[in-house]
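Breakdown of the fold
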Amino acid sequence: MSDVLAQLQQVLEARKAAADPDSSYVASLHAKGLNKILEKVGEESVETLLAAKDAHTSGDNSDLVYETADLWFHTLVMLSHLGATAEDVLAELARRFDLSGLQEKAQREKN
């Protein structure tokens, strides 16, 4: 896993466990609960999609990268809240690595 991703995950877990919600954004999200975290993931998803549309038109990916970072961040908070990790997602991606997308989709549809 990337060093940045591993470091971020450590910070998120530490703030989830011990930070004061009045002084930590991550702790405040956890204190507000899953619905607030999901709201933020949804908001960041929409902002990422709009930035992608703008990048397609303008050729400038800077806002797309910025919004994708926000989306990833909030997705990591969501995973943490539910007891999952970035490593779990990376393991799933690794599992799919030798499958074609069509094969992977067909396997999901059988289940």
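Look a little higher up for the structure.
Residues numbered from 1 in each chain as written. Predicted model: local features only at pLDDT ≥ 70, side-chain atom pairs only at ≥ 80, totals over all residues. Heavy atoms only, no water.

Things to note about the overall build of the protein chain
Secondary structure summary: the protein chain contains 6 helices and 0 strands in total. The order of α-helices and β-strands along the protein chain, N terminus first, is α-α-α-α-α-α. The buried share of the protein chain, taken over its 111 residues, is 23%. Taking the contacts inside the protein chain whose residues are at least 6 apart along the sequence as the reference set, 54% of them involve residues at least 24 apart. (Helix = DSSP H or I, 4+ residues; strand = E, 2+ residues; numbered from the N terminus. Buried < 20%, exposed > 50% of the residue type's maximum accessible area, 1.4 Å probe, protein only. Contact = heavy atoms within 4.5 Å.)

Side note on a nonpolar patch on the surface
On the surface, a nonpolar cluster with roughly 230 Å² of combined accessible area is contributed by Val89, Leu90 and Leu93. Among the structural elements, Val89 can be located in helix α5 (residues 86–96). (Patch = residues over 30% accessible without salt bridge, like charges linked within 9 Å, V, L, I, M, F, W, Y side chains within 5 Å. Areas by Shrake-Rupley, 256 points an atom, 1.4 Å probe, with all protein chains shown as cover. Salt bridge = Lys/Arg side-chain N within 4 Å of Asp/Glu carboxyl O.)

Observations concerning helix α4 (residues 62–81)
Given a rise of 1.5 Å per residue, 20 residues ought to cover 28 Å, and the 29 Å separating the end C-alpha atoms of α4 matches this to within 8%. Every buried residue of α4 is listed here: Glu67, Leu71, His74, Leu76, Val77, Met78, Leu79 and Ser80. Buried residues along α4 sit in contact with α1 (3–18), α2 (25–32), α3 (34–58) and α5. At the exit of α4 stands Gly83, carrying a positive phi of roughly 80°. (Expected span 1.5 Å × (residues − 1).)

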